Structures are given as C-alpha cells and as structure tokens.
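# A closer look at the structure
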Amino acid sequence: MTFTRRQVITRGLAAVAGASGLAVAARLAGRYGLVPPYRGGLYGAGDVLTYGAQRMLTSGQTLAREFPRTATSAVAPVNGPAPETDAAYLALLDADFAPWRLVVDGLVERPSSFSLEEIKRFPSSSQVTMHTCEEGWSFIAEWTGVALSHVLQAVGTSARARYVVFFPYDQWWDSLDMGDALHPQTLLAYGMNGEELPIDHGAPLRLRVARQLGYKSIKFLSRITVVESLDGIGKGVGSASAEYGYAWYAGI
Ligand SMILES: Nc1nc2c(c(=O)[nH]1)N[C@H]1C(S)=C(S)[C@@H](COP(=O)(O)O)O[C@H]1N2
Ligand SMILES: [Mo]
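Residues numbered from 1 in each chain as written. Chains lettered and ligands numbered in written order. Predicted model: local features only at pLDDT ≥ 70, side-chain atom pairs only at ≥ 80, totals over all residues. Heavy atoms only, no water.

Take the overall build of the protein chain next. Across its full length, the protein chain carries 8 helices and 10 strands. Looking at the protein chain as a whole, 50% of its 252 residues are labelled buried. Contacts spanning at least 24 positions in sequence make up 67% of the contacts within the protein chain whose residues lie at least 6 apart. Carbon and sulfur atoms provide 54% of the accessible area of the protein chain, an area that totals close to 11,900 Å². (Helix = DSSP H or I, 4+ residues; strand = E, 2+ residues; numbered from the N terminus. Buried < 20%, exposed > 50% of the residue type's maximum accessible area, 1.4 Å probe, protein only. Contact = heavy atoms within 4.5 Å. Areas by Shrake-Rupley, 256 points an atom, 1.4 Å probe, with all protein chains shown as cover.)

Next comes the structure, spelled out in structure tokens:
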C-alpha cells in the first residue's frame, strides 16, 4: 500500500504525538515551522497538513511538474476579469501600460519601482505548468517572466523578511512565505503561450506559483511588499481568499 503525502504527514505527526493526538502534533508542527500563518477556514486542517508536508518532506524546494509545450491546453479559462472599473487600471490600459510601475517596498534595502521594460531586462525564464483553480478546473500553459527571487535580490530583502505580499488593481491580494517566494518556479510573468500576457490573464504582470492553487497567483500586479508579519494587513490572515474562508497556503 502506498501512502499519499497527506497520509504520511498525518501518520508521522500522530506517531510523534502519540495518544495525546493532534493538539500535541500541532504544537510540534508550530515549533518546527510547519504551520502556515493562517489555518482557519474550510480547508484549514488540510492546509496545515499540506504546508507541513511540503516543509518537512521537501525542504520547500521540490519542483512542480513541467510539461512539454505540446501539452499546452487549447482553452485557458479566466477567473477574475481585468479590473476595468478601476480608474487607475483603465488609464494604464489606455496607455498600453507605458506608465505602469511595479512598486517593491517594505523590508527591503532599496525600495524600488520597475517599469515593464525593466522587469523584462531581468533574466527571463519560461515554464509549462498546470494551473489549478479551487473551483475544479485546470489548464496547462507556458508562462514567461522573471523569477521573483531575482527581483527580491535586486532590492535586497532584510533578514527580518518573512512574507511577500502581492497587491493588484482589484480587491484580490495574497502572500507567500520567503521559502515559496524564493522558489525557482515562482515567477512574475509577463508572457503566456509565447505572447504578451493577455489582459484577462493578468496584464501587465502576474504572479505564477505552480505548487499552490490558482487563487494564489495574483494577476494585475501593482505592488509587492516584504513584511515580517501579516498582522494588520487586511484582517491579518494573509490573503483575500483566506478572508473568504479559503486556505492561506493552498498547496497542491
Ligand atoms: N488580481 C486577481 N488575481 C487573481 C484573481 C482575481 O480575481 N484577481 N483570481 C484568481 C483565481 S481564483 C484564479 S483560478 C486565477 C485565474 O487565472 P486565469 O484567469 O489566468 O486563469 O487567478 C487568480 N488571481
Ligand atoms: Mo481559482
């Protein structure tokens, strides 16, 4: 019999905890940094398990599966259309994103703002990976962009940095811990399937995180901020989706 990753971590933690069960397991997981910062909501318990499993079994650096270009899906659904009711976004759209800047601030040595040209001057990489929405659909596409780690390196993150928070032109927002932010497949993507990133898929720049559910991949980026704590940002649970009751980590 083979175990799924989730069964392995459940059994592993339960074995460590012994008869006193999950409360002790949760305390142990907390001590070893295996618990996500927000674990309430519908999928909270499962979120602790996938987060803990990825940290424990993989040291946070396994790669999501990459596909050949021929595996690209014919149809890529959109979830969350472009924020065309937002005046600032609309103005950028009218100007072909020429005045757009990505602000990168917070716990960084050199708070910066980058034009799309400047973002494109960083080393570029492409990945053909699967995007999976919590609603139950998925598609495979090629995304091209810069690894977030390059941009974070350029601004110099502080030793106190623990999370990176992503704000777009609409109301959606999310955060990654530094492990996922620095992961080599975590991209700031400006291209999709060999073309400019289509507007509804997040132009001019979107986050792409292949090991987590689709809602973590924030589109229409405007600002990235590096923080030590998620307290005081929105309701303090690390993302708009968590405020709606979804998991914060959402590992897949
Ligand atoms: N800014 C912003 N980012 C977002 C969303 C959104 O509504 N606004 N929707 C999320 C959800 S639920 C999913 S599944 C993906 C969808 O990406 P796609 O439209 O490129 O398929 O974007 C995510 N990022
Ligand atoms: Mo989604």
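Moving on, we come to the pattern of salt bridges. With the rule as written, the count across this model stands at 7 salt bridges. Between Arg110 and Glu109 there is a salt bridge, with its nearest N and O atoms 3.4 Å apart. Judged by its relative accessible area of 55%, Glu109 falls in the exposed class. Across the pair Asp180 and Arg211 runs a salt bridge, and its minimum N-O distance is 2.6 Å. Here Asp180 is found in helix α7 (residues 178–181), whereas its partner Arg211 is found in the loop between β9 (206–208) and β10 (221–227), with 31 residues between them in sequence. (Salt bridge = Lys/Arg side-chain N within 4 Å of Asp/Glu carboxyl O.)

Before going further, it helps to examine the pairing of strand β3 (residues 125–132). Judged from the 8 bridges that link them, β3 and strand β4 (residues 138–147) form a sheet pairing that is antiparallel. Within β4, the position partnered with Ser126 by the bridge is Thr144. Joining the antiparallel neighbours β3 and β4 is a turn of 5 residues, in which Gly136 adopts a positive phi near 105 degrees. (Pairing = 2+ DSSP bridges.)

Here we come to helix α4 (residues 87–94). One turn of the α-helix equals 3.6 residues, which is why residues spaced by three or four share an orientation. Those residues of α4 that sit buried are Tyr89, Leu92 and Leu93. When α4 is viewed along its axis, its buried side chains cluster within an angular range of 100 degrees and face the same direction. For α4, exposure combined with an orientation more than 90 degrees from the buried face picks out Ala87 and Asp94. Measuring from the side-chain oxygen of the N-cap residue of α4 to the backbone nitrogen of Ala88 gives 3.1 Å; that N-cap residue is Asp86. (Arc of directions from axis to C-beta. Polar contact = N/O pair within 3.5 Å; in protein donor to acceptor, adjacent residues only side chain to side chain.)

A few words now on the site of ligand 1. Lining the immediate environment of ligand 1, one finds 21 residues, of which Pro77, Asp170, His201, Arg206 and Lys219 sit closest. For ligand 1, an oxygen atom lies 2.7 Å from a polar atom in the backbone of Pro77. Ser217 places a polar main-chain atom, nitrogen or oxygen, 2.9 Å from a nitrogen atom of ligand 1. In isolation ligand 1 has 530 Å² of accessible area, and contact with the protein removes 96% of it. Residues that form the shell around ligand 1 fall into these classes: 10 nonpolar, 6 polar and 5 charged. (Near = heavy atom within 4 Å. Nonpolar A, V, L, I, M, F, W, Y, C, P; charged D, E, K, R; others polar.)

This part is about the confidence of the model for the protein chain. Summarising the model, the protein chain shows a mean pLDDT of 88, and 83% of its residues fall at 70 or more. Low confidence marks residues 5–14, where pLDDT is under 50. Its contacts with residues over four positions away, or in another chain, come to 18 contacts. (pLDDT = per-residue confidence, 0-100.)

This brings us to the sheet that holds strand β1 (residues 102–106). Strands sit in the order β2-β1-β10-β5-β6 across an open sheet of 5 strands; the sheet is mixed. Since the sheet does not close on itself, it has two edges, and those belong to β2 (112–114) and β6 (174–177), each with one partner. Shown here is a sheet whose adjacent strand axes are inclined to one another by a mean of 20 degrees, direction ignored. Of the strand pairs in this sheet, strand β5 (residues 163–168) and β6 are connected by 4 bridges, and their pairing is antiparallel. Looking at the pairing, Val164 lines up with Leu176 of β6. (Axes fitted to C-alpha atoms, helices over the stretch in contact; angles between N-to-C directions.)

With that settled, the discussion passes to the packing of aromatic side chains. This structure, assessed with the given rule, holds 11 aromatic pairs. Ring plane angle 35 degrees and centroid distance 6.3 Å describe the contact between Trp248 and Tyr249, whose orientation is recorded as tilted. No difference in accessibility class separates Trp248 from Tyr249, as the two residues are buried. Between Arg208 and the ring centre of Trp143, over which it is positioned, the NZ or CZ distance is 4.0 Å. One cation-aromatic arrangement involves Lys216 over Trp248; the distance from NZ or CZ to the ring centre is 4.4 Å. (Phe/Tyr/Trp six-rings, centres within 6.5 Å; stacked < 30°, edge-to-face > 60°. Lys NZ or Arg CZ within 6 Å of the ring centre and 35° of its normal.)

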